[in-house]
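Listed below, chain by chain, are the residues.
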Amino acid sequence: MALDNIEKLIEKYFEAETTIAEEKELKNYFASPDVAQHLEQYKPLFGYAIQAKQEQFNATIPLKSEKQTRIVWLSVAASIIVLLGVSLFTFNHYNQPKLNDFGTYDDPEVAFRETQKALDLISEHVNKGIGSMNYLNEYQQSKNKIFK
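Structural notes, computed from the coordinates. (Residues numbered from 1 in each chain as written. Predicted model: local features only at pLDDT ≥ 70, side-chain atom pairs only at ≥ 80, totals over all residues. Heavy atoms only, no water.)

**So, the pattern of salt bridges**
This model, assessed by the stated rule, comprises 3 salt bridges. The shortest N-O distance in the salt bridge between Asp4 and Lys8 comes to 3.8 Å. On the criterion of helical spacing, the pair formed by Asp4 and Lys8 is a turn pair, its members being 4 residues apart in helix α1 (residues 2–14). Its relative accessible area of 38% is what places Asp4 among the partly exposed residues. Residue Glu22 pairs with Lys12 through a salt bridge whose shortest N-O separation is 2.9 Å. (Salt bridge = Lys/Arg side-chain N within 4 Å of Asp/Glu carboxyl O. Helix = DSSP H or I, 4+ residues; strand = E, 2+ residues; numbered from the N terminus. Buried < 20%, exposed > 50% of the residue type's maximum accessible area, 1.4 Å probe, protein only.)

**Quick word on the side chain of Thr18**
If you trace the backbone, Thr18 turns up in the loop between α1 and α2 (20–31). Taking the relative accessible area as the measure of exposure, Thr18 reaches 14% and is therefore buried. A distance of 2.9 Å separates the side chain of Thr18 from the side chain of Glu23, its partner in a polar contact. Residue contacts for Thr18: discarding those within four places in its chain leaves Leu9, Lys12, Tyr13 and Glu23. (Polar contact = N/O pair within 3.5 Å; in protein donor to acceptor, adjacent residues only side chain to side chain. Contact = heavy atoms within 4.5 Å.)

**A few points about the nonpolar core**
One finds Ile6, Leu9, Ile10, Leu26, Tyr29, Phe30, Val35, Ala36, Leu39 and Phe46 forming the largest nonpolar core, which totals 10 residues. Breaking this core down by element, the ones donating at least two residues are α1 and α2. For Ile10, the residues in contact, after removing those within four places along its chain, are Leu26, Phe30, Leu39 and Tyr42. (Core = buried A, V, L, I, M, F, W, Y, C linked by side-chain atoms within 4.5 Å.)

**Re the packing of aromatic side chains**
Per the counting criterion, the structure on display carries 3 aromatic pairs. The interplanar angle of 50° and the centroid separation of 5.6 Å between the aromatic rings of Phe14 and Tyr42 together place this pair among those described as tilted. Separated by 28 residues along the polypeptide, Phe14 in helix α1 and Tyr42 in the loop between α2 and α3 (43–54) bring together distant segments of the chain. Judged by relative accessible area, Phe14 falls into the partly exposed class, the value being 49%. (Phe/Tyr/Trp six-rings, centres within 6.5 Å; stacked < 30°, edge-to-face > 60°.)

**Some words on a nonpolar patch on the surface**
Residues Val72, Trp73, Val76, Ile80 and Leu84 make up a contiguous nonpolar surface patch of about 510 Å² in total accessible area. Note on placement: Val76 falls in helix α4 (residues 66–94). (Patch = residues over 30% accessible without salt bridge, like charges linked within 9 Å, V, L, I, M, F, W, Y side chains within 5 Å. Areas by Shrake-Rupley, 256 points an atom, 1.4 Å probe, with all protein chains shown as cover.)

**Description of the packing of α1 against α2**
Packing of α1 against α2 leaves a shortest axis separation of 10 Å and a crossing angle of 120°. Classed by the angle they form, the pair α1 and α2 counts as oblique. Note on packing geometry: the crossing formed by α1 with α2 is left-handed. In contact with Leu3, Asn5, Ile6, Leu9, Ile10, Lys12 and Tyr13 of α1, α2 contributes Glu22, Glu23, Glu25, Leu26, Tyr29 and Phe30. Tallied by class, the residues present in the contact of α1 with α2 amount to 8 nonpolar, 1 polar and 4 charged. (Axes fitted to C-alpha atoms, helices over the stretch in contact; angles between N-to-C directions. Parallel < 35°, antiparallel > 145°, perpendicular 65-115°, else oblique. Left-handed = near helix turned anticlockwise from the far one by under 90°. Nonpolar A, V, L, I, M, F, W, Y, C, P; charged D, E, K, R; others polar.)

Structure (structure tokens):
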């Protein structure tokens, strides 16, 4: 009768319908030395709970490691460097003399010379670009001759 009851409890256990008392009965049965031969395969399943209860955690957990302390100090140093950088930039930016020179000239001759300088500079750069385009045109013509 007890063996029949254990088999029914195993079925209920695998269908997740057992109560805590029934699971305790199964654990006690499989912890005993007189387990039926055809139920031996379930012994490790229920024996694990007894073994897990006896296990203890003995390792020590360090509360503060040297690595964490280094990270904290590196964070503080990085914050100080960023703060100094921002403050130096702000100090230099706002303490430079204000120039009210918007490119205006009172003398028309000086304005004409400065305008000519600017246009010459622009012309020089445009001519460089046009020279580069000549190389592209030559490349295009060569490509068209080869891939006709």
